[in-house]
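# Observations on the model geometry
One-letter residues, chain by chain:
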Amino acid sequence: MSAVATAPAPAPAPSEPSLLTQARWAVSDSLMIAKRNLLVWMRVPAYIVFTVIQPVMFVLLFVYVFGGAIPVPGGSYVNFLMPGIIAQSAAFATFSTAIALAQELKKGVIDRLRSMPMARSAVLTGRMGADTVRMLVTILIIVGVGYLVGFRFLNGFGPAVAMVVLATVFGLAICTIAAFTGLAIGDEESVQAFGLIWLFPLTFVSSAFVPISTMPGWLQAFASNNPVTYVINTMRSLALGGPITADLWKSIAWLAGIFIVFVPLAVRAYRRAG
């Protein structure tokens, strides 16, 4: 009587990683991508010039060329100017976000990253993390240059830190727009031209460099309701003192709206890219 052969027991199915484990992997991958992007930023002189040296030139030009000709409330143009320069610099720093994503998309870098065993979200979250660090460094450098030319925080240490945080969040919000445009357009020159079309008017037609009351009446309506104006007015009040609440809530509403609209658009453009 022959022995009956028994089939081997099936191997147990691999268990799905827990949500906590997946989140930990996503954070680790995002930090790695952020480190990569920061290394690129430090090794490409053009990025450093555009994000650091250009804002410093703006500070020196406006203070020493235009400062004596622009009357402002309180009499100190440099104190009036610096919050505007900081906000503008945070916004302009997003050019490199859009250009870098368009370059990586065109060269197939994003496709290669998405084919690797890593969290798919890490490409965007890592980029945003690196941009946050980059903007914070740029803002601190500009504050230091401002102190050299006479700028002073007049409202205490806490509000000064809050101003820097608000400027960084504002820059990050503009980064989400830049990420969407960079991935949606996918061409470096087109992305740069598009950024100039909307970002320059939005920052210059605001309270950044001159009091809105000095503008023509037809332009004051736009400048007064410009989200950049709300952010800069809040930053100015935090730095120098004055009423904060009204502009702060309007700033928060606008920034929240930008995140709500453009984060999903950037994710959708990223999924369709390639």
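Computed from a predicted structure; not experimentally measured.

The rules behind these values
- Residues numbered from 1 in each chain as written.
- Predicted model: local features only at pLDDT ≥ 70, side-chain atom pairs only at ≥ 80, totals over all residues.
- Heavy atoms only, no water.
- Helix = DSSP H or I, 4+ residues; strand = E, 2+ residues; numbered from the N terminus.
- Contact = heavy atoms within 4.5 Å.
- Patch = residues over 30% accessible without salt bridge, like charges linked within 9 Å, V, L, I, M, F, W, Y side chains within 5 Å.
- Areas by Shrake-Rupley, 256 points an atom, 1.4 Å probe, with all protein chains shown as cover.
- Salt bridge = Lys/Arg side-chain N within 4 Å of Asp/Glu carboxyl O.
- Buried < 20%, exposed > 50% of the residue type's maximum accessible area, 1.4 Å probe, protein only.
- 1 Å grid on protein atoms, 1.4 Å probe; cavity = no way out; pocket = protein on both sides within 12 Å on 5 of 7 lines; lining within 4 Å.
- Points joined across faces, edges and corners; volume = space filled by probe spheres on them.
- Nonpolar A, V, L, I, M, F, W, Y, C, P; charged D, E, K, R; others polar.
- Axes fitted to C-alpha atoms, helices over the stretch in contact; angles between N-to-C directions.
- Parallel < 35°, antiparallel > 145°, perpendicular 65-115°, else oblique.
- Left-handed = near helix turned anticlockwise from the far one by under 90°.

Glancing now at the environment of Leu-81. Mapped onto the secondary structure, Leu-81 falls in helix α3 (residues 77-92). In this structure the C-alpha to C-alpha distance between Leu-81 and Arg-114, which are 33 residues apart in sequence, comes to 43 Å. Here Leu-81 is in contact with Val-59, Phe-62, Val-63, Ala-208 and Phe-209, once residues within four sequence places are set aside.

The subject of this paragraph is a nonpolar patch on the surface. A cluster of nonpolar side chains, Val-49, Ile-53, Met-57, Leu-60, Leu-61, Tyr-64, Val-65 and Phe-66, forms an exposed patch at the surface whose accessible area comes to about 750 Å². Along the polypeptide, Leu-60 turns up in helix α2 (residues 45-66). We classify Leu-60 as partly exposed; its relative accessible area is 37%.

As a volume, the largest pocket reaches approximately 300 Å³. Of all elements in the fold, only α3 and α10 (227-240) reach the threshold of two or more residues within the lining of the largest pocket. Among the elements that take part in the lining of the largest pocket, α10 stands out by supplying 5 residues, more than any other. For the lining of the largest pocket, the residue count by class is 6 nonpolar, 10 polar and 1 charged. Roughly 220 Å³ of internal volume is contained in the second largest pocket. Around the second largest pocket, the lining residues are Arg-120, Ser-121, Leu-124, Thr-125, Met-128, Thr-176, Ala-179, Val-263, Ala-266, Val-267, Tyr-270 and Arg-271.

The next subject is the packing of α3 against helix α7 (residues 157-185). Axis separation between α3 and α7 bottoms out at 8 Å; the angle between their running directions is 30°. Considering their axes alone, α3 and α7 lie roughly parallel with respect to each other. As α3 runs across α7, the sense of the crossing is right-handed. Note on element contacts: α7 touches α3 through Met-163, Ala-167, Phe-170, Gly-171 and Ile-174, opposite Ile-86, Ala-87, Ala-90 and Ala-91. Classifying every residue of the contact of α3 with α7 by side-chain character gives 8 nonpolar, 1 polar and no charged.

Let us look at empty space enclosed by the protein. By the definition in use, this model includes 2 cavities of 30 Å³ or more. Here the second largest cavity defines a volume of roughly 80 Å³. Every residue along the wall of the second largest cavity is listed here: Thr-94, Phe-95, Ala-98, Ala-178, Thr-181, Val-191, Phe-194, Gly-195, Trp-198 and Leu-199. Taken together, the elements giving at least two residues each to the lining of the second largest cavity come down to α4 (95-107), α7 and α8 (188-204). Residue contributions to the lining of the second largest cavity peak at 5 residues, all from α8. For the lining of the second largest cavity, the class distribution of residues is 7 nonpolar, 3 polar and no charged.

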